[in-house]
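Structural overview
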Amino acid sequence: PWADISLASPITEIRRASLNYIERVVNFVSKLDIEYIVVHLSSRQNICLEKPYSLENPCLKAAIDSAIKLDRMSYEYGIKIAVENVPSICCGNAYQIGSILDNTNNIYVCLDLGHSAYMKLRNREEFQDMSEIAREWLPVVGDRLLVLHLHGVTKRNTGIENHLELSVVSID
């Protein structure tokens, strides 16, 4: 689940409501033969743009707080929870995901290489191919990598297109 879920919201009431909803989902899927769920620790609040590579970022603090609660849920319900690196305002870069992992024990990662390529294109950072991006991320996620999500991404005159077929990876 991700639509209207804001696990990195600096607004406590929104984050708490999001966590309550995720806990209901975790409770439900724990009764099924499902190995893991993937969540987005994200927020679209503009304040999240401040200090994106600092633990002073209010959205990163909120994401870590949510991740600690998700860590407890994972243990309590016996289901793995993976956080996906999303290309929203927060919290999908390697520093932020690494900070989340540093503060939890049982949270895993769904590494979306297409999202990382999207962020690099958006930020005008150069890269050669998806394997280069994977090599950047592997030291961050280490043995907490649970899911690898691959899809195409391309930069066009009108912007960046995401979630294309895998054969479409263009950085021109």
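See the structure above.
Throughout what follows, the structure given in this document is the object of discussion. (Residues numbered from 1 in each chain as written. Predicted model: local features only at pLDDT ≥ 70, side-chain atom pairs only at ≥ 80, totals over all residues. Heavy atoms only, no water.)

1. Remarks on the side chain of Ser54
Short version of the rule: Helix and strand labels come from DSSP, where a helix needs a run of H or I of at least four residues and a strand needs a run of E of at least two; each type is numbered from the N terminus. N or O atoms within 3.5 Å of each other form a polar contact, as long as, within protein, one can give a hydrogen and the other can take it, and as long as residues adjacent in sequence are counted only when both atoms are side-chain atoms. Throughout, a residue-residue contact means that at least one pair of heavy atoms, one from each residue, lies within 4.5 Å.
Tracing the backbone shows Ser54 in the loop between β1 (36-39) and α2 (58-77). For Ser54, the side chain forms a polar contact with the main-chain nitrogen of Glu56, separated by 2.9 Å. Ignoring anything within four residues of it in the chain, the contact list for Ser54 reads Leu60 and Tyr95.

2. Topic: unusual backbone geometry
Even without glycine at this site, Lys51 takes up a positive phi of about 50 degrees. By the element assignment, Lys51 lies in the loop between β1 and α2. Phi is positive for Arg124, which is not a glycine, with a value near 60 degrees. As for its placement among the helices and strands, Arg124 is situated in the loop between α4 (113-122) and α5 (130-141).

3. Some details on the state of the cysteines
As a reminder, the rule being used: Cysteine sulfurs are considered disulfide-paired once they come within 2.5 Å of each other. Residue exposure (1.4 Å probe, protein chains only): buried if accessible area is under 20% of the type maximum, exposed if over 50%, otherwise partly exposed.
In the structure shown here, the tally under the stated rule is 2 disulfides. Here Cys48 connects covalently by a disulfide to Cys59, the sulfurs 1.7 Å from one another. Disulfide Cys48-Cys59: torsion about the S-S bond near -75 degrees, hence left-handed. Of this pair, Cys48 sits in the loop between β1 and α2 while Cys59 sits in helix α2; the two residues are 11 residues apart in sequence, bridging distant segments of the chain. Judged by its relative accessible area of 0%, Cys48 falls in the buried class. Note that Cys90 is cross-linked by a disulfide to Cys91, the S-S spacing being 1.8 Å. With the S-S bond torsion at 55 degrees, the cross-link from Cys90 to Cys91 turns out right-handed. Take Cys90 and Cys91: they sit in the same class, and that class is buried.

4. Side note on the nonpolar core
Where we set the bar: Take the buried Ala, Val, Leu, Ile, Met, Phe, Trp, Tyr and Cys residues and link them wherever side-chain atoms come within 4.5 Å; each set so joined is a nonpolar core.
Membership of the largest hydrophobic core comes to 41 residues, with the highest contact counts inside it found for Leu7, Val39, Leu41, Leu70, Ile81 and Ile100. Elements represented by at least two residues in this core include exactly α1 (12-30), β1, α2, β2 (80-84), α3 (94-102), β3 (107-112), α4 and α5. Ignoring sequence-local partners within four residues, the contact set of Ile100 consists of Leu41, Leu60, Ala63, Ile64, Ala67 and Cys91.

5. Observations regarding the pattern of salt bridges
In plain terms, the rule: Basic side-chain nitrogens of Lys or Arg form a salt bridge, by our definition, when they fall within 4 Å of a carboxyl oxygen of Asp or Glu.
Throughout the structure, instances matching the rule amount to 6 salt bridges. The closest approach of N and O atoms between Lys61 and Glu56, which form a salt bridge, is 4.0 Å. Judged by relative accessible area, Glu56 falls into the partly exposed class, the value being 49%. Salt-bridge contacts for Arg72 lead to Glu76; the nearest nitrogen and oxygen are separated by 3.3 Å. Of this pair, Arg72 and Glu76 are both found in helix α2, 4 residues apart, which corresponds to roughly one turn of the helix.

6. What to know about α1
Counted only if it meets this: Each residue after the first adds 1.5 Å to the expected span of a helix. Relevant arc is that of directions from the helix axis to the C-beta atoms, nothing else.
Along its 19 residues, α1 runs 26 Å from first to last C-alpha, staying within 8% of the 27 Å computed at 1.5 Å per residue. The set of residues buried in α1 consists of Arg15, Ser18, Leu19, Ile22, Val25, Val26 and Val29. All buried residues of α1 project into a common sector of 120 degrees when viewed along the axis, lining one side. Facing away from the buried surface of α1 by more than 90 degrees, the exposed residues are Glu13, Arg24 and Phe28. Contacts from the buried residues of α1 go to β1, α2 and β2.

7. Side note on the packing of α4 against α5
Formally: Simply put, an axis is a line fit to the C-alpha atoms, just over the touching stretch for a helix, and the angle between two N-to-C directions goes from 0 to 180 degrees. By definition in this entry, angles of less than 35 degrees are roughly parallel, angles greater than 145 are roughly antiparallel, angles of 65 to 115 are roughly perpendicular, and the rest are oblique. Put simply, Ala, Val, Leu, Ile, Met, Phe, Trp, Tyr, Cys and Pro go in the nonpolar bin, Asp, Glu, Lys and Arg in the charged bin, and everything else, Gly too, in the polar bin.
At a minimum axis distance of 10 Å, the contact between α4 and α5 shows a crossing angle of 100 degrees. Regarding the angle of α4 to α5, the classification is roughly perpendicular. Contacts from Leu113, Gly114, Ser116, Ala117 and Lys120 in α4 reach Met130, Ile133, Ala134, Glu136 and Trp137 in α5. Its residues assigned to classes, the contact of α4 with α5 shows 6 nonpolar, 2 polar and 2 charged.

Without other data, these values stay purely geometric and don't point to any function.
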